[in-house]
Each structure stands twice: as structure tokens, then as C-alpha cells.
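# Structural features, examined
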Amino acid sequence: SFIGEESVAAGEGSILTDNPTWIIDPIDGTTNFVHRFPFVAVSIGFVVNKKIEFGIVYSCVEDKMYTARKGKGAFCNGQKLQVSGQQDITKSLVVTELGSNRDPETIKIILSNMERLLSIPIHG
């Protein structure tokens, strides 16, 4: 099976089944792309039985290929990635994206989530 983000955004329905399924967003960061902001990628995932098996993200402007496979780790241009050992949340940096949906109910949910994030004693 195949699910394309752009076709879903255009109103086509999609249902994730247990079938092997490719999930593709050819312009991940469409708003960034439209505004010539350089954080744009091609994102591809492969799912079996509704569980992700592997994913690939190609950051076009940076020419970086991120890959990850279930149980095998994540890599950037072939170099293994790992999370930091930081356990103190006050030294963390939280980054979020608000999305492009301006529906009043969606805005209410986003603001509620932002309020919760801003309550955490994070570094930035």
C-alpha cells in the first residue's frame, strides 16, 4: 500500500492497514519550502502490521540523509546517532512546530499544549 502526505492534505482519505505500506511526504516542510526557509526534507517510512520498520529523511538543503531501522539504530550520512546522556530537564531545549491548521478547535489544542510545555522548567 501507499500513503502520500500531499494527497491526504488534498482531502483524499487513507487508512493504515496491516499491509506493508510506504508512507511518503515528498516535501516535508511545505510551509518552509514556500517561504524559502531551508528546513525541507523528503520523508519516507515503511510500515508492516501498523508498525514502523524503517524510515529515511533526506534534508535537501543540508545534503544529509537520516536513516533508521527498527532495532538497528539511527544514522546521519552513515554515522551512528545517539541521544545525549542528559537527564536533567532544566538543561534541555524543547523545539516545537505549531502546524498550519488555523481551525479554532485546533488552535485551542495547540495553545493548551504550549501552556503545558511552557510550564516545564526547561533551559529554553
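Computed from a predicted structure; not experimentally measured. (Residues numbered from 1 in each chain as written. Predicted model: local features only at pLDDT ≥ 70, side-chain atom pairs only at ≥ 80, totals over all residues. Heavy atoms only, no water.)

### A short note on unusual backbone geometry
What counts is decided by this rule: In this description a helix means any DSSP run of H or I spanning at least four residues, a strand means any run of E spanning at least two, and both kinds are numbered starting from the N terminus.
A positive phi angle is found at Asp-63, which is not glycine, with a value near 55°. Inspection of the secondary structure puts Asp-63 in the loop between β4 (51–59) and β5 (64–69).

### Focus on the domain arrangement of the protein chain
Keep this limit in mind: Each domain's extent was defined by an automatic or database domain assignment.
Each assigned domain of the protein chain is listed here: domain 1 (1–82) and domain 2 (84–123). Computed over C-alpha atoms only, the centres of domain 1 and domain 2 are separated by 22 Å.

### Quick notes on the packing of aromatic side chains
The following threshold applies: Aromatic pairs are defined between Phe, Tyr and Trp rings, using the six-membered ring for Trp, whenever the two ring centres lie within 6.5 Å; interplanar angles under 30 degrees are classed as stacked, those over 60 as edge-to-face, and all others as tilted. Per-residue accessibility, obtained with a 1.4 Å probe over protein chains only, is compared with the maximum for each type, and a residue is labelled buried under 20%, exposed over 50%, and partly exposed between these values.
Scanning all chains against the criterion turns up four aromatic pairs. Taking the centre distance of 5.8 Å and the plane angle of 75° together, the rings of Trp-22 and Phe-54 count as edge-to-face. Taken together, the positions of Trp-22 in strand β2 (residues 21–28) and Phe-54 in strand β4 put the pair 32 residues apart, joining distant regions of the chain. Taking the relative accessible area as the measure of exposure, Phe-54 reaches 25% and is therefore partly exposed. Through a chain of ring-to-ring contacts, the aromatic side chains of Trp-22, Phe-46 and Phe-54 assemble into a single cluster.

### Describing the pattern of salt bridges
Spelled out, the test is: One speaks of a salt bridge when a side-chain nitrogen belonging to Lys or Arg is within 4 Å of a carboxyl oxygen belonging to Asp or Glu.
A full pass over the atoms with the stated rule returns one salt bridge. For Lys-91, the salt bridge identified is with Asp-88, shortest N-O distance 3.5 Å.

### A short note on the environment of Gly-29
Going by this rule: Residue contacts are counted whenever heavy atoms from the two residues lie within 4.5 Å of one another.
In this structure, Gly-29 sits in the loop between β2 and α2 (30–34). Put simply, Gly-29 and Lys-80 are 51 residues apart on the chain and 24 Å apart in space, counted from C-alpha to C-alpha. If near-sequence neighbours (up to four positions away) are discounted, Gly-29 is found in contact with Phe-39 and Val-40.

### Observations regarding the confidence of the model for the protein chain
As a reminder of what qualifies: One confidence number per residue, pLDDT, is output by the predictor and ranges from 0 to 100.
With 95% of its residues at a pLDDT of 70 or more, the protein chain shows a mean pLDDT of 89. The least confident element of the protein chain, judged by mean pLDDT, is helix α1 (residues 5–9) at 66; the most confident is β5 at 98.

### Here's the deal with the pairing of strand β3 (residues 41–48)
Heads up, the rule is: DSSP calls a pair of strands paired once it identifies at least 2 bridges connecting them.
In terms of strand pairing, β2 meets β3 through six bridges, oriented antiparallel. Paired with Thr-21 across the strands is Val-47, a residue of β3. Relative to β4, β3 is paired through eight bridges, and the arrangement is antiparallel. Across the sheet, Phe-46 pairs through a bridge with Phe-54, a residue of β4. Counted along the chain from β3 to the antiparallel partner β4, the turn is two residues long, and its residue Asn-49 has a positive phi close to 55°.

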